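Structure at a glance
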Amino acid sequence: MSYAEEREQNIARNRALLDGLGINPLRPKCEPKENLRKKVAAKKRKSPLPESDELEEPLKKAPRIADDNNEPGGARRSSRLAGKTVDYKQEQDRGVPEPITFKRSQKLKVGQVKSKRTYDPHMYGHIPDVEVGTWWATREDCSNASVHGPWVSGIAPGPDGAYSIALSGGYDDDVDEGYAFTFTGSGGRDLRGTKTAPKNLRTAPQSSHQSFEDRNNAALQRSVDTQKPVRVIRGFKGKARSKYAPSEGYRYDGLYFVKKAWIEKGLNKGGFLVCKFAFMRMPGQEDIPVNDGGDDESDE
DNA sequence: GGGCCCGCAGGG
DNA sequence: CCCTGCGGGCCC
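Calculation rules
Residues numbered from 1 in each chain as written. Chains lettered and ligands numbered in written order. Predicted model: local features only at pLDDT ≥ 70, side-chain atom pairs only at ≥ 80, totals over all residues. Heavy atoms only, no water. Near = heavy atom within 4 Å. Polar contact = N/O pair within 3.5 Å; in protein donor to acceptor, adjacent residues only side chain to side chain. Nonpolar A, V, L, I, M, F, W, Y, C, P; charged D, E, K, R; others polar. Phe/Tyr/Trp six-rings, centres within 6.5 Å; stacked < 30°, edge-to-face > 60°. Helix = DSSP H or I, 4+ residues; strand = E, 2+ residues; numbered from the N terminus. Buried < 20%, exposed > 50% of the residue type's maximum accessible area, 1.4 Å probe, protein only. Salt bridge = Lys/Arg side-chain N within 4 Å of Asp/Glu carboxyl O. Contact = heavy atoms within 4.5 Å. Expected span 1.5 Å × (residues − 1).

Named according to an unreviewed UniProt entry, chain A is PUA-like domain-containing protein originating from Suillus placidus.

1. What about the protein's contact with DNA strand C?
Taken together, 21 residues are adjacent to DNA strand C, and Gly154, Gly170, Leu191, Arg202 and Lys237 come closest. Taking all atoms of DNA strand C within 4 Å of the protein, the share assigned to sugar and phosphate is 63%. A distance of 3.4 Å is found between a sugar or linking oxygen of DNA strand C and a backbone nitrogen or oxygen belonging to Trp151. Here the residues of the surface near DNA strand C are counted per class, giving 6 nonpolar, 10 polar and 5 charged.

2. A short note on the packing of aromatic side chains
In this description, a pair of aromatic rings is defined by centroid distance and the angle of the planes. As enumerated under the stated definition, the model contains 6 aromatic pairs in all. With a centroid separation of 5.9 Å and 75 degrees between ring planes, the pair formed by Phe183 and Phe279 is classed as edge-to-face. With a gap of 96 residues between them, Phe183 in strand β4 (residues 180–184) and Phe279 in strand β7 (residues 273–281) connect regions that are remote in the sequence. Phe279 carries the same exposure label as Phe183, and that label is buried. Relative to Tyr250, the ring of Phe236 has its centre 5.7 Å away and its plane inclined at 80 degrees; by these criteria the two rings are edge-to-face.

3. Here's the deal with the pattern of salt bridges
Under the counting rule described, the total for this entry stands at 12 salt bridges. The salt bridge involving Arg251 is made with Asp253; its shortest N-O contact spans 2.6 Å. Comparing Arg251 with Asp253 shows no difference in burial state: the two are buried. Measuring nitrogen to oxygen at the nearest pair gives 3.8 Å for the salt bridge that ties Lys276 to Glu264. With Lys276 in strand β7 and Glu264 in strand β6 (residues 250–265), this residue pair connects regions lying 12 residues apart in the sequence. Considered together, Lys276 and Glu264 belong to a single accessibility category, that of buried residues. It is possible to trace a salt-bridge network through shared partners that takes in Arg13, Asp173, Asp174, Glu264 and Lys276.

4. Notes on the environment of Leu17
Summarising the element assignment, Leu17 is placed in helix α1 (residues 3–19). Beyond its immediate stretch of four places on either side in the chain, Leu17 contacts Lys260 and Trp262.

5. Quick notes on helix α5 (residues 215–226)
Taking 1.5 Å per residue as the helical rise, α5 with its 12 residues ought to reach 16 Å, and the 16 Å between its terminal C-alpha atoms agrees with that figure. Those residues of α5 that sit buried are Asn216, Asn217, Ala218, Ala219, Leu220 and Ser223. The elements touched by buried residues of α5 are β2 (155–158), β3 (161–167), β4, β5 (230–235), β6 and β7. Sitting at the amino-terminal end of α5 is Asp214, which places a side-chain oxygen 2.8 Å from the backbone nitrogen of Asn216. One or two steps after α5, the chain reaches Gln227, where phi turns positive at roughly 60 degrees.

6. A word on unusual backbone geometry
With glycine set apart, most residues show a phi of negative sign, and most peptide bonds adopt trans. One non-glycine residue, Ser146, lies in positive phi territory at about 70 degrees. For Ser146, the location among the structural elements is in the loop between α4 (139–144) and β2. Even without glycine at this site, Asn200 takes up a positive phi of about 55 degrees. Its place among the elements puts Asn200 in the loop between β4 and α5. Judged by its relative accessible area of 58%, Asn200 falls in the exposed class.

7. Some points on the protein's contact with DNA strand B
Not every one of the 12 residues close to DNA strand B is listed here, only the nearest: Arg117, Trp151, Asn200, Arg202 and Arg215. Within the side chain of Arg117, an N or O atom sits 3.0 Å from a phosphate oxygen of DNA strand B. Asn200 has a polar backbone atom sitting 3.1 Å from a base nitrogen of DNA strand B. For the surface near DNA strand B, a count of residues per class yields 4 nonpolar, 3 polar and 5 charged.

As structure tokens, then:
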């Protein structure tokens, strides 16, 4: 079977799986009327660059979190996001936001402030003061905003499930429908090379099976049971196949639940097994910006 | 564009 | 100290 055929097959399987998760009330809202109107308008005026009003939303800059030098007693701030439209269920323990305490000795460059973070990323749910749709240029910035801690890793594991994940389009057969998507786990890559040809890489092609023994994959599997919300950021590298990926940088798209975890034959040379997960967006959140960008070539 | 290197977060 | 990880920057 050719790569293209296998890819189609995997995509069809993943898409069917997403659809089989049940009717999602968000689905009609993911293509809101405003976007449809914009789409029509954009086609009419045939301008490759949309008007500024369309650009404002997704490119909202991350609020630079001022490091309020953690006062011991007074640093507690209200954990309520009062006035938000998000409808939180009782069971969603978002954790009490505590000012982060730094256990690690950090190398300080000249003039660098010690604390880059106001909140500890090791908590479930929203990070206070970070709105859905917030955008960062790099993973480092996103990490400093406490939304997704790791600079490279796509999964931030925790005891009751993953805290957050990064969608960067690294797998050709992942399906992104905005309100729901499939996600491939970690592991099974050869990052070090051989003794004779050491590599010391951070990412690499699939070269062995993934499994739920992997710490990251195990965390996402736990998310299925605990139904803790997972923060999701979408990266620009996914824009080739997902219209929900930002054109640049990384965007916080809010909270999702992991509804299913399974193992399937991945789309890779060698047919190695990969861990896959089906995500569904928590209701009541701001719509995901849809990227209609001009250079869309590969629509199946 | 690809290849290579390497900092950092996070955990054992 | 070790290891991993859907980064990013540099060089070519």
